[in-house]
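# A look at the structure
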Amino acid sequence: MYTIGGDIHLKTSTFCVLDEKGNRIARKKLENDPINVRDFIQGFPGPKQVSVEATYNWQVFYDLLKDDVEQFVLLHPKKLRQIVESQSKNDSKDSELIAELTWRGRVPQAYTSNAETRQFRRLLQARVKTSQQIASIKNRIHAYINANVWYSQRPKTFKDLFCQRGREYLRAVPLPANERFVIDTLLTQIEELEKTQRSFDEHIEQVDYHSTDIALLATVPGLRRGKLLKYIIGSEIDRIARFRNARALIGHPQQPGAILLGQADLDLAARRGVVQR
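These remarks concern the structure in this document. Because the structure is a prediction, the values reported are computed rather than measured.

Rules used in this analysis
Residues numbered from 1 in each chain as written. Predicted model: local features only at pLDDT ≥ 70, side-chain atom pairs only at ≥ 80, totals over all residues. Heavy atoms only, no water. Helix = DSSP H or I, 4+ residues; strand = E, 2+ residues; numbered from the N terminus. Buried < 20%, exposed > 50% of the residue type's maximum accessible area, 1.4 Å probe, protein only. Contact = heavy atoms within 4.5 Å. Areas by Shrake-Rupley, 256 points an atom, 1.4 Å probe, with all protein chains shown as cover. Phe/Tyr/Trp six-rings, centres within 6.5 Å; stacked < 30°, edge-to-face > 60°. Lys NZ or Arg CZ within 6 Å of the ring centre and 35° of its normal. Core = buried A, V, L, I, M, F, W, Y, C linked by side-chain atoms within 4.5 Å. Pairing = 2+ DSSP bridges. Axes fitted to C-alpha atoms, helices over the stretch in contact; angles between N-to-C directions. Parallel < 35°, antiparallel > 145°, perpendicular 65-115°, else oblique. Nonpolar A, V, L, I, M, F, W, Y, C, P; charged D, E, K, R; others polar. Lys, Arg positive; Asp, Glu negative; His and termini not counted. Salt bridge = Lys/Arg side-chain N within 4 Å of Asp/Glu carboxyl O. Polar contact = N/O pair within 3.5 Å; in protein donor to acceptor, adjacent residues only side chain to side chain.

Scanning the protein chain for helices and strands turns up 11 helices and 5 strands. For the protein chain, with 277 residues in total, the buried portion stands at 43%. Sequence-distant contacts, at least 24 apart, represent 59% of the contacts inside the protein chain between residues at least 6 apart. With an accessible surface of roughly 15900 Å², the protein chain has 49% of that area assigned to carbon and sulfur atoms.

If you want it as structure tokens, here you go:
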């Protein structure tokens, strides 16, 4: 079996090919074009395995090559960097080291999720980013109010500055002209982002992703009210069978891409019995 290690970047990638005895037989730098990459990989007839680091664009390589190779190995980026950076640093040596580690069976492997899961995660990440944008703008408004209004002079009829009465107060509180312009503009931005947030929620509810698992997660106390958390946990777990038990789930390394959950959230899910086999 041929072993092909790839050091992939945005515009170009370097591939190193080893034969079944671990001898290097080819090394080439390619423009990142699907025809170029596939032609190079298919130029080595017979069984082959390809390994690449889990960079931000690994998915396009996986989707392109998964049917042409016996095994597509995704390498854990943090653990791989620790190995690679201890060697001389250049792309050709990176690809050769990746190929050699794969050939020896010593690769720090990461989990490869399918296209459906990756796309659903990106949808959820976009929804989370919207919430983060709203929170950031609210913090800016708090800063403007704190700089202009004594806390003791604020209304005591509401606690949340962004509830309906709080927003009415923000629209009416006397402020210098420039500050008033900023507050009004930021409030408008929040309203538009909240509309986007609702659109995301409606779309997510309509996506048929692991519906049986999501329904099970929705029965967990603490997840019943949350519109988003059950989907986030479900997409990060993906296939529960890949974990030996609940403890393995709690201790699992971060998957490729942006992780939306912390260990505490997964720990809660396990304690609630969601991950019992």
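Going through the model one piece at a time under the given rule, you end up with 8 aromatic pairs. A ring pair is formed by phenylalanine 158 and tyrosine 169, whose centres lie 6.0 Å apart and whose planes are at 50°; its orientation type is tilted. Highlighted residues: phenylalanine 158 in the loop between α5 (115-148) and α6 (164-172) and tyrosine 169 in helix α6, separated in sequence by 11 residues. Among the aromatic residues, those joined into a cluster by ring pairs are Tyr2, Phe15, Phe40 and Phe44. A cation over an aromatic ring shows up here: arginine 242 above the ring of tyrosine 111, its NZ or CZ 3.8 Å from the ring centre.

It is worth spelling out the nonpolar core at this point. Within soluble globular proteins, side chains that are nonpolar generally end up buried alongside one another. Ranked by size, the top nonpolar core spans 22 residues in total, and within it Phe15, Ile41, Val50 and Phe72 carry the most contacts. Of all the secondary-structure elements, those providing two or more residues to this core are β1 (2-8), β2 (12-18), β3 (24-31), α1 (34-42), β4 (48-53), α2 (58-65) and β5 (71-75). Considering every element that reaches this core, the biggest residue donor is α2, with 5 residues.

Taken in spatial order, the 5 strands of this open sheet run β3-β2-β1-β4-β5, and their pairing is mixed. Only two strands of the sheet have a single neighbouring strand rather than two, namely β3 and β5. Across the sheet, the mean angle from the axis of one strand to that of its neighbour is 20°, orientation sign disregarded. Sheet analysis places β1 next to β2, joined by 6 bridges and oriented antiparallel.

The next thing to look at is the packing of α6 against helix α7 (residues 177-206). Where α6 contacts α7, the two axes come as close as 9 Å, and the packing angle between them is 150°. Here α6 lies roughly antiparallel to α7, going by the angle between them. Between α6 and α7, the contacting residues are Arg167, Leu170, Arg171 and Ala172 on the first element and Arg180, Ile183, Asp184, Leu187, Thr188, Ile190, Glu191 and Glu194 on the second. Classifying every residue of the contact of α6 with α7 gives 5 nonpolar, 1 polar and 6 charged.

This paragraph deals with the side chain of lysine 48. If you trace the backbone, lysine 48 turns up in strand β4. Among buried charged residues, lysine 48 stands out as having no salt bridge; its nearest opposite-charge side chain is glutamate 70, 5.7 Å away. At 3.0 Å, the side chain of lysine 48 and the backbone oxygen of glycine 46 are in polar contact. The contact partners of lysine 48, leaving out residues within four places of it in the chain, are Met1, Tyr2, Ile4, Ile41, Gln42, Asp68, Val69, Glu70 and Gln71.

To continue, consider the pairing of β4. In terms of residue burial, β4 counts as a mostly covered element, since 6 of its 6 residues are buried. Pairing of β1 with β4, which is carried by 5 bridges, proceeds in the parallel orientation. When the sheet's bridge partners are listed, isoleucine 4 is paired in β4 with valine 50. As paired strands, β4 and β5 are joined by 5 bridges and run parallel to one another.

So, on to the environment of leucine 10. Secondary-structure assignment places leucine 10 in the loop between β1 and β2. The spatial distance from the C-alpha of leucine 10 to the C-alpha of tryptophan 58 is 9.9 Å, given a sequence separation of 48 residues. The contact partners of leucine 10, leaving out residues within four places of it in the chain, are Asn32, Tyr56 and Asn57.

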